[in-house]
Amino acid sequence: MTGPSAPDFLMGGGEMGAAIRAFDWASSPLGSPESWPAELRTCLRIMLASRQPMWVWWGPELINFYNDAYLPIIGGKHPHALGQPAKEVWSEIWDQIKDRIGAAMQGEATYSEAELLVMHRNGYAEETYYTFSFSPVPEESGGIGGIVCANTDDTDRVVGARRLALLREIASRTWEANSVSEVYNLSARALGTDRRDMPFALIYRLSDDGTRANLLGSSGIEVGHPAAPQSIALDGASPWPLSDVVRTGSRRFVGRLPEKFPSLPMAPWSDPPADAVMLPLTTGADAAPRGVLVLAANPYRRQNDDSFDNFAALVARQIASAVVNMEALEAERGRAKSADTLALEIEHRRRIERHQNLLLDELNHRVKNTLATVQAMAMQTLKGVDAVARDTFLARLFALSSQHDLLTLDNWEGASFEGVVRRALRPWRQEDNTRFTVEGPAVHLDPKRALALGMGFHELATNAAKYGALSNGEGRVRVTWTIDPDGQWLRLRWEERGGPRIEAPEKRGFGLRLIEHGLGRELGGVVKLDFAAEGFSCEWVMKLG
Amino acid sequence: MTGKRILIVEDEIVVALFMEDILADFGLQVMGVASRLEEAMNRERDYDLAVLDVHLNGKNVFDFADKLAEEGVPFVFATGYGERGIPERHRGRPVLQKPFAPDDLKRALNNLVAMAA
């Protein structure tokens, strides 16, 4: 191939040196190498000797030369690319660079750093990143003869940094999550920051019963799109065979996406993703998958390169760890929260109870001490004056005090009707309980009514002890009450039998007046006294509530 | 019980006076009235029995009750609270609910003396 006529400037230069020497330049726009200008010769010598990927485009047609270091970049376009116009060699990126080429041919150098170039050099579109400089080569004649370009392939660096950034993004975003479903959602948003690697992504969470997978997060595709169903029954037919992934706990690839889903989104590329990988969201082989991650793959990624698969596995692992951590946190928080809340509630209730008890104790204390003081004053005042009056007074005082005790027992929440009756009658029942019948349904009385009724019964019993059924040895007292069917009225009957014959008093004493008027008013009811000869009876009708 | 010396611990002056009277009626020798806890605690032991009001101007009488229990002096509580306000260690001691009938106090004191004897 190396002709004896090959010019000196084409000596060496490895494979490309040989290729250039062997090329039939005579039939090219540049003519035979012997006629090439000094500037082109110098450029080619520099290019062929360089370890840096370089090319030289020369003449108005920008005829393409490149060195050995550039071979990986030009890929499948070699060897046909040699000696061809650059516009034809790089038709897929020509629109992107033509302005800078034009500027260079006007003498203006440019420098482009890590620029995305989607190249078709190996039979498919490929995402690449290059840093390159277009340096115009002036000719002695005054014009620009061509362009020299030094290139650096930044693809691995750019893609690697981007993927690392995404993993960090998932970690930092899910750190903000407050719940497992937020982990899914925030993970999906993080995936949305790297659409070049994953044009769309779906995160499905398995339902608790394991029969369905529900879409909890997505990026790059509308929820409800045929390729992004909101919910997938694992035992049903689905474009995404998630059940395989769940069952086996290992990833599955799904190809020919555009055939399965006619209207897939294409952004950020100019073609829809061709395939996707489905990965179980699990932190280890022995752990049950929490869900399934579906990552549509970059259609422009380098083929025969497993770096995307490794990356996808890392993404799934990252999300799964965030999910598992949050599950643990939620469980712990659930325990801590319920324990905390419970403790707080108990503490709060205790404090209220303590406070209430203090107040009630204080109230009882004051009531009792006041009654004791009144008792002391009365005893002193009535000393030696009227023993009967004194005893009557003390009995009333004790009755009042006793009803207070009843209320104290129930923390002043009131008292039962029966309790009030029994307590009022206690001094007499202690002597002979068989003389009393106390019967009626359960009725709760508020403190005011309980006290009023208690005093009323005390007066009734005192009256009976003086004049009625309790004044002899065999009389009986029957206390009964009923509630009207509508629940509004309570009817109470006090009935004395077996006592001495009685007649209505000409003048009603304090006790009867208290019963007849005081209680009628106090209890919001009607009191009827009946002085039948065979025994006194009294009927109260009192409004409840 | 006649002739026994008794201390009244009570902060309600009218009640204290009343008790002085009835205790004297029972034939007891009332040595004095303490209306504050410190007064009771610091008082020289010149009594054989005591009636203790539980609440004394915002303090309770139980420190003094402990002291009496230690010294083996029989006593009875008189309180508006009833048994509920009495701490565990003094449960079982006689408690009079204020207001109480003089006879109830007499009965309680008789029991105390009888048990101490």
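Residues numbered from 1 in each chain as written. Chains lettered and ligands numbered in written order. Predicted model: local features only at pLDDT ≥ 70, side-chain atom pairs only at ≥ 80, totals over all residues.

Draft legend 1. The interface of chain B and chain A, seen in detail. Taken together, the contact pairs 14 residues of chain B with 20 residues of chain A. When residues in the side of chain B that touches chain A are grouped by element, the largest group, four residues, is from helix α1 (residues 13–25) of chain B. Among the residues making up the side of chain B that touches chain A, the classes are represented as seven nonpolar, five polar and two charged. (Contact = placed C-beta atoms within 7 Å. Helix = DSSP H or I, 4+ residues; strand = E, 2+ residues; numbered from the N terminus. Nonpolar A, V, L, I, M, F, W, Y, C, P; charged D, E, K, R; others polar.)

Draft legend 2. Local environment of helix α3 (residues 62–71) of chain B. Residues and elements named next belong to chain B. Residues F64, A65 and L68 constitute the buried set of α3. Viewed along the axis of α3, the buried residues span an arc of 105°, placing them on a single side of the element. G72, located one to two residues past α3, shows a positive phi value of around 75°. (Buried ≥ 20, exposed ≤ 12 C-beta atoms within 10 Å, placed from the backbone. Arc of directions from axis to C-beta.)

Draft legend 3. The arrangement of the sheet that holds strand β17 (residues 525–532) of chain A in detail. Residues and elements named next belong to chain A. Spatial strand order, β13-β15-β16-β18-β17: five strands in an open sheet with mixed pairing. Among the strands making up the open sheet, the edge pair consists of β13 (436–439) and β17. Strand-to-strand twist across the sheet, computed as the mean angle between neighbouring axes with direction ignored, equals 10°. Across eight bridges, strand β15 (residues 476–483) lies against strand β16 (residues 489–497) in antiparallel orientation. Each bridged residue has a counterpart across the sheet, and for R478 the counterpart in β16 is E495. Each of β13 and β15 touches helix α12 (residues 417–429); the most contacted strand, β13, lies at about 170° to it. (Pairing = 2+ DSSP bridges. Axes fitted to C-alpha atoms, helices over the stretch in contact; angles between N-to-C directions.)

Draft legend 4. Spotlight on unusual backbone geometry. All names here are of chain A. Here the amide bond leading from H78 into P79 is cis, since omega sits at 5°, within 30 degrees of zero. With respect to the helices and strands, the residue P79 is situated in the loop between α3 (71–74) and α4 (86–89). At the junction of A267 and P268, the peptide bond is cis and its omega measures out at 0° in the coordinates. As for its placement among the helices and strands, P268 is situated in the loop between α9 (257–260) and β10 (276–281). The phi torsion at L62 lies on the positive side, around 55°, for a residue other than glycine. Residue placement: L62 occurs in the loop between β1 (54–58) and β2 (63–66). Here the phi dihedral of R256 falls at roughly 50°; this positive angle occurs in a residue that is not glycine. When you line up the elements, R256 lands in the loop between β9 (252–254) and α9.

Draft legend 5. Just the confidence of the model for chain B, in detail. Residue and element names in this part refer to chain B. Here chain B averages 88 in pLDDT, while 97% of its residues score no lower than 70. In the model of chain B, strand β4 (residues 55–56) stands out as the element of lowest mean pLDDT, 84, in contrast to strand β1 (residues 5–9), which has the highest, 95. Scored by ipTM, the complex comes to 0.79, with pTM at 0.52. (pLDDT = per-residue confidence, 0-100.)

Draft legend 6. Representation of the sheet that holds strand β6 (residues 75–79) of chain B within the structure. Residue and element names in this part refer to chain B. If you walk across this open sheet you meet the five strands as β2-β1-β3-β6-β7, and the pairing is parallel. The sheet terminates laterally at β2 (29–34) and β7 (95–97), the two strands that pair on one side only. Neighbour-to-neighbour, the strand axes of this sheet turn through a mean angle of 20°, independent of strand direction. For strand β3 (residues 49–53) and β6, the ladder comprises four bridges, and the chain directions are parallel. Its bridge partner lying in β6, A50 is registered against F75. The strands that α1 touches are β1, β2 and β3; relative to β2, the one it contacts most, it runs at about 165°.

Draft legend 7. Region of the structure containing the pairing of β2(B). Residues and elements named next belong to chain B. Both β1 and β2 contribute to a ladder of five bridges, which runs parallel. Along β2, the bridge assignment pairs I8 with V33. In this fold, β1 hands off to α1, which returns the chain to β2; that crossover is right-handed. (Right-handed = clockwise from strand over helix to strand, strands pointing away.)

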